[in-house]
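What follows is the residue order along each chain.
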Amino acid sequence: MWFRLLLQVSLAIAIPLTTTTRNPANILYQDEVPPPIFSCPASSWPPNTIGKTNLPQQPSPELASMLARISPSRIEATIRKLVSFGTRHTLSTQNSSSTRGIGAARDWIHAEFQKYADASDGRLSVETISYVQQPDGNRVTVPTRISDVVATLHGSDKSNNRLYVVSGHYDTRNSDVFDFEGDAPGADDDASGVSVSLELARIMSSPEYSLPRASIAFVAVAGEEQGLYGSGFLARRYKDSMPRVNVEGMFNNDIVGSSTGSDGTVDPYVIRLFGQGLPPLSVESNSTRETRLSIGGENDTPARNLARFVKEVAENSHTQMNISVIHRLDRYLRSGDHRPFLEAGYPAVRFTEPRENYAHQHQNVRYDDESGVQYGDLPEFCDFEFTARVARVNAAALWSLAISPGQPTNVGINTTELTNDSTLYWDPPLGEEGEGNVGSYEVVWRATTAPFWTDVVDVGLVNEVTLGLSKDDVVFGVRAKSVDGNSRGVAVLPFPVS
């Protein structure tokens, strides 16, 4: 039985806050001692008198081993193989015996996942799921089969149906979105994202590693260029399952193949991570949205807190990457396969290279004599070492999520009376084993204008705590830690309880 306990925390450890504008991965600044990774000028007030500095979570030895095994040469081989199918346009041939078209690419991806499943000692299962998309009056002109290839690493905790998804899209296009016969190599967009899914499935399904608590789905979807059809189908499938699949995080890797922008700038140690603000009204009601806005919680949506988690666990010397968290659904007025998951009520974020080169995206393969520019999304413009580092960022975040206890539920903050203290409540993560997987809970906070959690206090195995901090001045979150204390989950914003 889960007893409601009250813990009055009165730690008197004052932690001085330093200021910085840097977002350092330690490997990049070995000549100096970087300031705390989540500090910034905005986090200097209110003064902190309890708890301690929130520090990044370092990879366990097992996770470090996984990250070291990610192979740039395998990623290159995957990208080149997918390019060899000529076009992977969603409306191209689906003849399985062909060596050209989306059907041949789909079957090859399934076969690759199946190789890993065969070597996984039953841990990984593979399926290709499909439906027929009718003409939409837009980019689908004839009835078209949309197929997603899904390889699932089954977690040890079956009681809460918890799942994390990593995805790339294997369909392509050239200058003409309706041209399903011309070459559309799609090396960066998005064979690079598919290569991340395949490489992580190969490594994480190996029997030499322990099973995570939660399941992980490694996915390649179709129909992205025609209207996010494959990801929409998969998100609805999870949402409509009985019981509903508890997707606690989805990573969309789309255009993660190059570190060189159209202006020639090379930025090989940065990956952009897009996290949406307010959830769609189909997910969050008007009244909930009004409450969120009234408490200043518009920057603490599930997607934003998922992005914060990624930065905490995946920006380190093992990944060699800086994670630039961008508070936006996607690039300006653009979209991707994480959107249908957000619309289904699941937290989802997008990884994209730091500077895109539009000559190598959605272009017919051609050479322009006048400008001297080679157009086309070709493998020679990819940076396979960069994509391997992106894969390490994904792996660090995915594995850390999957071995964590999950997220506390029904997180609230007492608003029955005016006080300069703050009392928070919560329940254990979902599932019969949710309570048993938790070793303790942590309350994190930051100034309202700070982007990342700056401070934390471990409050033990309780589900109510009063802190000597005013809810007027900071943003709180509650997260669960594992029994061994080595992993933590995504922090959850408390809503008012009166």
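Residues numbered from 1 in each chain as written. Predicted model: local features only at pLDDT ≥ 70, side-chain atom pairs only at ≥ 80, totals over all residues. Heavy atoms only, no water.

1. Observations concerning unusual backbone geometry
Operational definition: Secondary structure elements are defined from DSSP: runs of H or I of at least 4 residues count as helices, runs of E of at least 2 residues count as strands, and each element is numbered from the N terminus. Note on exposure labels: buried denotes an accessible area under 20% of the residue type's maximum, exposed denotes more than 50%, and partly exposed covers the range between, all computed with a 1.4 Å probe on protein chains only.
Of note, the bond from Asp189 into Asp190 is cis; its omega dihedral lies within 30 degrees of zero at 5°. Residue position: Asp190 is located in helix α4 (residues 187-204). One non-glycine residue with positive phi stands out, namely His362, at about 55°. Tracing the backbone through its elements, the reader meets His362 in the loop between β10 (348-352) and β11 (366-368). His362 sits in the partly exposed class, given a relative accessible area of 25%. One non-glycine residue with positive phi stands out, namely Asn410, at about 50°. With respect to the element layout, Asn410 can be found in strand β13 (residues 409-414). Using a relative accessible area of 61% as the deciding quantity, one classes Asn410 as exposed.

2. Section: helix α2 (residues 72-83)
For an α-helix the count is 3.6 residues per turn, leaving residues at separations of three or four pointing the same way. Rule in force here: Helices are assigned an expected span. That span is 1.5 Å times one less than the residue count. Working definition: the arc comes from the directions between the helix axis and the C-beta atoms, pointing outward to the latter. Residue contacts follow a heavy-atom distance rule, with two residues in contact if any of their heavy atoms lie within 4.5 Å.
The terminal C-alpha atoms of α2 lie 17 Å apart, and with 12 residues this matches the ideal 16 Å at 1.5 Å per residue to within 8%. Within the span of α2, buried status applies to Pro72, Ile75, Thr78, Ile79, Leu82 and Val83. Relative to the axis of α2, the buried residues are bounded by an arc of 135° and lie together on one face. Here the buried face of α2 lies against α3 (102-118), α4 and α10 (384-403).

3. Re the packing of α2 against α10
How we decide: Every axis corresponds to a line fitted to the C-alpha atoms, with the helix fit spanning only the stretch in contact, and the corresponding angles, defined between N-to-C directions, vary from 0 to 180 degrees. Reported orientations rely on four angle classes, namely roughly parallel under 35 degrees, roughly antiparallel over 145, roughly perpendicular from 65 to 115, and oblique for the rest. Residues are grouped as follows: Ala, Val, Leu, Ile, Met, Phe, Trp, Tyr, Cys and Pro are nonpolar; Asp, Glu, Lys and Arg are charged; all remaining types, including Gly, are polar.
Running from N to C, α2 and α10 cross one another at 105°; their axes reach a closest spacing of 8 Å. With respect to α10, the axis of α2 lies roughly perpendicular. In this structure, α2 contributes Pro72, Ile75, Glu76, Ile79 and Arg80 to the contact, and α10 contributes Phe384, Glu385, Thr387, Ala388 and Ala391. Grouping the constituent residues of the contact of α2 with α10 by class yields 6 nonpolar, 1 polar and 3 charged.

4. Thoughts on the sheet that holds strand β18 (residues 474-482)
Backbone-to-backbone hydrogen bonds join strands into a sheet, with any given pair of strands oriented parallel or antiparallel. We count it as follows: Two strands pair if DSSP finds at least two bridges between them.
Spatially, β2-β16-β15-β18 is the arrangement adopted by the 4 strands of the open sheet, whose pairing is antiparallel. Edge strands, defined here as strands with exactly one partner in the open sheet, are β2 (52-53) and β18.

5. What about the nonpolar core?
Applicable threshold: Grouping buried Ala, Val, Leu, Ile, Met, Phe, Trp, Tyr and Cys residues that are joined through side-chain atoms within 4.5 Å yields what is termed a nonpolar core.
In this structure, Phe113, Phe218, Tyr238 and Phe251 are the most contacted members of the largest nonpolar core, which totals 96 residues. Element by element, the count of residues in this core is highest for α10, at 13 residues. Apart from residues lying up to four places away in sequence, Phe218 is in contact with Phe113, Leu124, Val149, Val150, Ala151, Leu153, Val166, Ser197, Leu200, Ala201 and Met204. Among the nonpolar cores identified, the runner-up in size contains 20 residues, and Leu424, Val438, Val465 and Val478 belong to it.

6. Some words on the pattern of salt bridges
For the record, the criterion: Salt bridge criterion: a side-chain nitrogen from Lys or Arg within 4 Å of a carboxyl oxygen from Asp or Glu.
All told, the structure shown has 23 salt bridges when counted by the stated rule. Here Asp107 and Arg106 are joined by a salt bridge, their closest N and O atoms 2.9 Å apart. Since its relative accessible area comes to 9%, Arg106 is described here as buried. One salt-bridge network, held together by shared partners, links Asp254, Arg272, Asp330, Arg331, Arg334, Arg350 and Glu356.

7. Some remarks on the packing of α4 against α10
Stated precisely, the cut-off is as follows: By definition, any crossing whose near helix is turned counterclockwise from its far helix by less than a right angle is left-handed, and any crossing with a clockwise turn is right-handed.
Interaxial distance between α4 and α10 falls to 10 Å at its minimum, and their mutual angle equals 55°. With respect to their mutual orientation, α4 and α10 come out oblique. Regarding α4 and α10, the two cross each other, and that crossing is right-handed. Contacts from Ser192, Ser195, Val196, Leu200 and Met204 in α4 reach Thr387, Ala391, Asn394, Ala395, Leu398 and Trp399 in α10.

8. Description of the sheet that holds strand β8 (residues 270-275)
Taken in spatial order, the 8 strands line up as β3-β4-β6-β5-β7-β10-β8-β9 in an open sheet, and their pairing is mixed. Unpaired on one side and paired on the other, β3 (124-133) and β9 (322-326) mark the two borders of the sheet. The average undirected angle you get between the axes of adjacent strands in this sheet is 25°. With respect to the sheet, α4 is in contact with β4 (144-153), β5 (162-169), β6 (215-221) and β7 (246-253), its orientation differing from that of β5 by roughly 140°. In the packing of α10 onto the sheet, the strands contacted are β4, β5, β6, β7, β8, β9 and β10, and the crossing angle to β5 comes to about 165°.

9. Details of the pairing of β5
Within β5, 8 of the 8 residues are buried, which leaves the element mostly enclosed by the surrounding structure. Where burial is concerned, the two faces of β5 agree: the one with Arg162, Tyr164, Val166 and Gly168 and the one with Leu163, Val165, Ser167 and His169 are both buried. Taken together, the 6 bridges between β5 and β7 define a ladder with parallel strand orientation. By the bridge assignment for β7, Val166 is matched with Phe251. Both β5 and β6 contribute to a ladder of 7 bridges, which runs parallel. Bridge pairing links Gly168 to Ala220 in β6.

10. Some points on the confidence of the model for the protein
Cut-off, in case you're wondering: One number per residue, pLDDT, summarises how confident the predictor is, and it ranges from 0 to 100.
Per-chain confidence: the protein averages 91 in pLDDT, with 91% of residues scoring 70 or above. Of the regions scoring below 50 in pLDDT, residues 1-33 engages in 79 contacts with residues more than four places distant in sequence or in other chains.

11. Describing the layout of surface pockets
Inclusion rule: Grid points spaced at 1 Å over the protein atoms alone were grouped into cavities, where a 1.4 Å probe fits but cannot get out, and pockets, open sets with protein on both sides within 12 Å along at least five of seven lines, with lining residues defined by an atom within 4 Å of a point. Grid points are joined across faces, edges and corners, and a volume is the space filled by probe spheres set on the points.
Estimates place the volume of the largest pocket at around 880 Å³. In terms of lining, the largest pocket is formed by 35 residues, of which the most central are Pro302, Gly345, Pro347, Gln407 and Val492. Counting only elements with at least two residues in the lining of the largest pocket, the list comes to β7, α7 (286-294), α8 (302-314) and β13. Grouping the constituent residues of the lining of the largest pocket by class yields 19 nonpolar, 10 polar and 6 charged.

12. With respect to the packing of aromatic side chains
The test is simple: Only Phe, Tyr and Trp rings are paired, with Trp represented by its six-membered ring, and only when their centres lie within 6.5 Å; those with planes under 30 degrees apart are stacked, over 60 edge-to-face, the remainder tilted. Either the NZ atom of lysine or the CZ atom of arginine qualifies as a charge over a ring when it sits within 6 Å of the ring centre and within 35 degrees of the ring normal.
Here the structure, examined in full by the defined rule, presents 6 aromatic pairs. Judged by centre distance (4.8 Å) and plane angle (35°), the rings of Tyr131 and Phe233 are tilted. Within this pair, whereas Tyr131 is found in strand β3, its partner Phe233 is found in helix α6 (residues 229-240), the two being separated by 102 residues in sequence. Here the two residues Tyr131 and Phe233 agree in accessibility, since each one is buried. Here Phe341 and Tyr346 contribute two aromatic rings whose centre-to-centre distance is 6.3 Å and whose plane-to-plane angle is 45°, an arrangement assigned as tilted. You can call Tyr346 buried: its relative accessible area is 3%. Every member of this aromatic cluster is reached through a ring pair, and the members are Tyr238, Phe341 and Tyr346. When the ring centre of Phe452 is taken as reference, the NZ or CZ atom of Lys311 above it lies at 5.0 Å. In this structure, Arg366 is placed above the aromatic ring of Tyr375, and the distance from its NZ or CZ to the ring centre is 4.0 Å.

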